[in-house]
Amino acid sequence: QNVDILLNDLQLQPFEVKHNDFSTPMECAMDSTPAPPVHTTPPLPTTTPAPPVGHFNVTKNGTTDACILLQLGAQFSIAYETEMNTTEHAVFYLPADATATGFCASDAAGITLTFSEDNSLYIEFANFANFTNDEFVIYELWVLFATKPPLFPDAKDTNGTVYVRAFPELGNLAPLGDSYRCNSDQTLNLNNLSNVVFFDFKVQPFQVTNNTFGKESVCDLDKTTPQPITTPQATTTPQATTTLEPTTAPPETTPANSTSTGFTTTAPDNATTAAPTTSTMTTTPVSTTKSVSPPGPSGGVIAAAVLVPLIVIIFAAAGFLYYRKRRGLGSPYKSLN
């Protein structure tokens, strides 16, 4: 048998290998021919089709005059039991070409949307004069589905049906003669496991004129109130203003006359005792300033200045008296009379 071996990315040097590395290579003829560039076309982005939105109406008996106008997109999430005895959710949309039937009355109106043979959605509107103030509400809503493929894959009971009835609490929708519009998603719970989401919802079930929607009442979800944009302003704290009080020294005082045995000495008139100057401490939020007057002479310094000469005079007088007594001259203070 013939065996073919395909070699690629081959580089070989069986002789005169130096420094454990290849020498300058010689390319084969096939490598010397540049390969043509390969042009690749990027895959086109996949787009998800928009959920269907249907336009439906119900007309008065025997006429072409609409008594209910409805625009609606709806996504269902319905719980069901599978062959493996597990609970799964069938998720699907209301087709835009569903068939609409219904009835109209002065205080109630209903519309049924049927699709895929045995599947349907029913919505009933009402206006109770004593309760809704001439505005209409969704009174009730129910769904009916046959649990079989393709909407319910691997369903345990392919001949069964799912019927769920609910009473949504959306409140008053719009005045009679007006339409109600809500483009945002509104989730209406059918039970603990199933729900239907309305979107691009617009309806007028009463007092339709010329087959057109009346004035719109918009749901709160569609109303967007922009928050005011505020730029915080810099807050300036005023600096505290402090008025410096003048530094006042108390008036000078003359010390009382000092008395010594045998002598009376009066302090000189210019000898004063300066009381310590009162200082005022002033503060500001940033720094602290202390005003201090230069200190005056202390009382001890002034007393020393007076007493030292006095002591010298006393000792001199005592020496003089002693000298005269030794000489027999007697006291110089004896009367001359």
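Remember, predicted model here, so these are calculated numbers, not experimental data.

Caption draft 1: Here's a closer look at the overall build of the protein chain. Each helix and strand in the protein chain was counted, giving two helices and 17 strands. Within the span of the protein chain, comprising 337 residues, buried residues form 26% of the whole. Of the contacts made within the protein chain by residues no fewer than 6 positions apart, 51% connect residues no fewer than 24 positions apart. On the protein chain, roughly 24900 Å² of surface is accessible, and the fraction owed to carbon and sulfur atoms is 55%.

Caption draft 2: Looking closely at the pattern of salt bridges. Under the counting rule described, the total for this entry stands at seven salt bridges. Taking the shortest distance from any N to any O, the salt bridge between E81 and K156 comes out at 3.6 Å. Placement of the pair is E81 in strand β2 (residues 66-81) and K156 in the loop between β7 (135-146) and β8 (161-166), with a sequence separation of 75 residues. For E81, a relative accessible area of 41% gives the class partly exposed. One salt-bridge network, held together by shared partners, links R181, K202, E216 and D222.

Caption draft 3: Here's a closer look at the side chain of Q186. Within the secondary structure, Q186 sits in strand β11 (residues 186-189). In this structure the side chain of Q186 is engaged in a polar contact, spanning 3.1 Å, whose partner is the side chain of Y180. Leaving out residues up to four positions away in the same chain, Q186 has contacts with L170, Y180, V196, V197, F198, F201 and L221.

Caption draft 4: A look at the packing of aromatic side chains. Within this structure, the stated rule accounts for 18 aromatic pairs. Centre to centre, the rings of F76 and F115 are 6.2 Å apart; their planes meet at 25 degrees, and the pair counts as stacked. Of this pair, F76 sits in strand β2 while F115 sits in strand β5 (residues 108-115), and the two are 39 residues apart along the sequence. Each member of the pair, F76 together with F115, is buried. Measuring from centroid to centroid gives 6.0 Å for F128 and Y139, while their planes differ by 75 degrees, and the two rings are edge-to-face. With F128 in the loop between β6 (119-126) and β7 and Y139 in strand β7, this residue pair connects regions lying 11 residues apart in the sequence.

Caption draft 5: Region of the structure containing the state of the cysteines. A complete count under the given rule lists two disulfides for this structure. With its sulfur 1.7 Å from that of its partner, C67 forms a disulfide with C104. Residues C67 and C104 are joined by a disulfide whose S-S torsion is about 70 degrees; by sign, that bridge is right-handed. Residue C67 is located in strand β2, and its partner C104 is located in strand β4 (residues 99-104); the two are separated by 37 residues in the primary sequence. According to the relative accessible area criterion, C104 is partly exposed, its value standing at 33%. Bonded cysteines in the protein chain are paired 1-2, 3-4 when counted in the order they occur along the chain.

Caption draft 6: Looking closely at the side chain of Q204. Along the chain, the position of Q204 falls in strand β12 (residues 195-204). At 3.2 Å, the side chain of Q204 and the backbone oxygen of G177 are in polar contact. Reaching out from Q204, the side chain makes a polar contact with the backbone oxygen of F206 at a distance of 3.3 Å. Excluding residues within four positions of it along the chain, Q204 makes contact with C67, I68, L69, G177, D178, S179, T212, F213 and G214.

Caption draft 7: Focus on a nonpolar patch on the surface. Side chains of V3, I5, L7, L10 and L12 sit close together on the surface and give an oily, nonpolar patch of about 640 Å² of accessible area. One can find V3 in the segment before α1 (29-32). Classification of V3 as exposed rests on a relative accessible area of 68%.

Parameters at a glance
Residues numbered from 1 in each chain as written. Predicted model: local features only at pLDDT ≥ 70, side-chain atom pairs only at ≥ 80, totals over all residues. Heavy atoms only, no water. Helix = DSSP H or I, 4+ residues; strand = E, 2+ residues; numbered from the N terminus. Buried < 20%, exposed > 50% of the residue type's maximum accessible area, 1.4 Å probe, protein only. Contact = heavy atoms within 4.5 Å. Areas by Shrake-Rupley, 256 points an atom, 1.4 Å probe, with all protein chains shown as cover. Salt bridge = Lys/Arg side-chain N within 4 Å of Asp/Glu carboxyl O. Polar contact = N/O pair within 3.5 Å; in protein donor to acceptor, adjacent residues only side chain to side chain. Phe/Tyr/Trp six-rings, centres within 6.5 Å; stacked < 30°, edge-to-face > 60°. Disulfide = S-S within 2.5 Å. Patch = residues over 30% accessible without salt bridge, like charges linked within 9 Å, V, L, I, M, F, W, Y side chains within 5 Å.

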